Structures are given as structure tokens and as C-alpha cells.
Amino acid sequence: MTITDKIKHLITITKIRVRVLIDPPAKWEKYYRRTKDWVSIPEPFLCDLKPPSSVKVFLDIGCASGRNFIPFDGKLELWGVDIVEEKRIKWVKSFQKLSYEKMTVEQFTRMLELGRKKLDDVLLFTAGTMMYVSEKEQRRFFMACRFAGCKNFIFSEYPAGSIVSPKLNFKLPPEWFTVTKYLRGLSIFSSLSKD
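Small disclaimer: the values here were computed from a predicted structure and weren't measured.

Enquirer: Describe the overall build of the chain, naming the residues involved and giving the relevant values.
Expert: Scanning the chain for helices and strands turns up four helices and seven strands. Listing every helix and strand of the chain by position from the N terminus yields α-α-β-β-β-α-β-α-β-β-β. Per-residue burial for the chain yields a buried fraction of 45% across its 195 residues. At a minimum sequence separation of 6, the contacts of the chain that also span at least 24 residues come to 64%. If you sum the accessible surface of the chain, you get close to 10,900 Å²; carbon and sulfur atoms cover 57% of it.

Enquirer: Give me the lowdown on the nonpolar core, citing residues and values where you can.
Expert: For soluble globular proteins, nonpolar side chains are generally found buried alongside one another. Counting 27 residues, the largest nonpolar core has Leu59, Phe108, Leu119, Leu124, Phe141, Cys145 and Phe155 as the members making the most contacts within it. Looking at this core, the elements that each hand over two or more residues are β1 (57-61), β2 (77-82), α3 (105-113), β4 (122-127), α4 (135-147) and β5 (152-157). Residue contacts for leucine 59: discarding those within four places in its chain leaves Trp79, Val81, Phe108, Leu119, Val122, Leu123, Leu124 and Phe125. Grouped together as the second largest cluster of nonpolar side chains are 20 residues, Phe69, Leu78, Ile83 and Ile89 included.

Enquirer: Give me the confidence of the model for the chain: which residues, what numbers.
Expert: Here the chain averages 84 in pLDDT, and 78% of its residues register 70 or above. Confidence scores differ between elements of the chain, with helix α1 (residues 3-22) showing the lowest mean pLDDT of 50 and β1 the highest of 98. Note on residues 13-22: pLDDT is under 50 here. Beyond four places in sequence and across chains, it has 11 contacts.

Enquirer: Break down α4 for me, with residues and values.
Expert: Here α4 is 13 residues long and its end C-alpha atoms lie 18 Å apart, about the 18 Å a rise of 1.5 Å per residue gives. If you check which residues of α4 are buried, you get Glu137, Gln138, Phe141, Phe142, Ala144 and Cys145. In a view along the axis of α4, the buried residues occupy a sector of 165°, so they form one face of it. The exposed residues of α4 that point more than 90 degrees off its buried face are Lys136 and Phe147. One or two residues past the end of α4 sits glycine 149, with phi positive at roughly 100°.

Rules and cut-offs
Residues numbered from 1 in each chain as written. Predicted model: local features only at pLDDT ≥ 70, side-chain atom pairs only at ≥ 80, totals over all residues. Heavy atoms only, no water. Helix = DSSP H or I, 4+ residues; strand = E, 2+ residues; numbered from the N terminus. Buried < 20%, exposed > 50% of the residue type's maximum accessible area, 1.4 Å probe, protein only. Contact = heavy atoms within 4.5 Å. Areas by Shrake-Rupley, 256 points an atom, 1.4 Å probe, with all protein chains shown as cover. Core = buried A, V, L, I, M, F, W, Y, C linked by side-chain atoms within 4.5 Å. pLDDT = per-residue confidence, 0-100. Expected span 1.5 Å × (residues − 1). Arc of directions from axis to C-beta.

Here is the structure:
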């Protein structure tokens, strides 16, 4: 890829990000409402997951309608972060102990860098969210989370080199995580503290 191609690619990605932040595309609306398809069903591996005993909060960055909160409802505090106003979200169910914040990954990162939140009792989860964040911002996000005390991560994302999503993917070094191949070309990148 030439330098000109890289610059054009960067400009295109920046335009897309700005447009998405101002008004998320209508094609994403299905993620923010209750439906009877996969959008309402949690990732199956989460149903069998026993978080480390230090975890008190399940944080889903890019939570959409909350499908991945279901296995932890009533067991942990639930914290959702996404790019739409909460009033636009039709939660898949009424959750106990749910808090929600509208912000981007980059805004969340900045909040952590400023020391406004601690994540030492959090299991941080994403599903198809990091692929919309640049490599630089993915690293910055991960380091800010570590700085805030987070020791427990699960990223369900397309890996680098994915045929399904060759340009939009998870760019953190796989050697930082336990990597498991998963459904639909996704991989699970996890790092959990030991009890």
C-alpha cells in the first residue's frame, strides 16, 4: 500500500467514524432493540463462564440491547457503554443493577486516563466493537484499562488476517491473550486473573 493509499484510507476511516458518532447508521438499529433472533441471545460461551471471584462488575463495551448481560443478571453489577442515547435502546429484558453510559471507546479511554474510574473488580467484555477502533486507539484503550486496575478481559473479535473482516479487526498482540477460535470467523481473546 502506497503512502497515498494509506492517507486515503485514513481519511475514509475518519469520515466514517465522525458520521457514526454523530448519528449511528440505521442498519445498526437492530442491535438496540429486542428481537427474536441472535441479537437477543448471549454469546454461548458466556453462559458457562465462571468469572474470577474478584469480579463484581460485568462491563460490556458496545453493549447494544444488553444480550450479553443475561448470564450475569442478578449475579454481578452490569455496566453498559455504547454510542447511542439510552432512550434509543430497547433492553432485551429488565436487568437488575444496570448502569449505562453513552460514549465511544476513545471517550471511555480518556475517562480512564484521567483517573475517573477504577476497574479492579471488572470483567471487561467486547463483541465486535474493537474492530471499529484503530490499532493505536486499541492499544491506548487496553493500557488505560490496565492502568485503571482491570485484570480481566474478554474480546470476542475478528482476528487480524480474518477473511470475514480483513480490514476491520482486533489489532492487539495475540500473545497478550489466550486465543480461542470461535463462531463465524471470530476469535476470543481472553486474559483472566487466577483465583
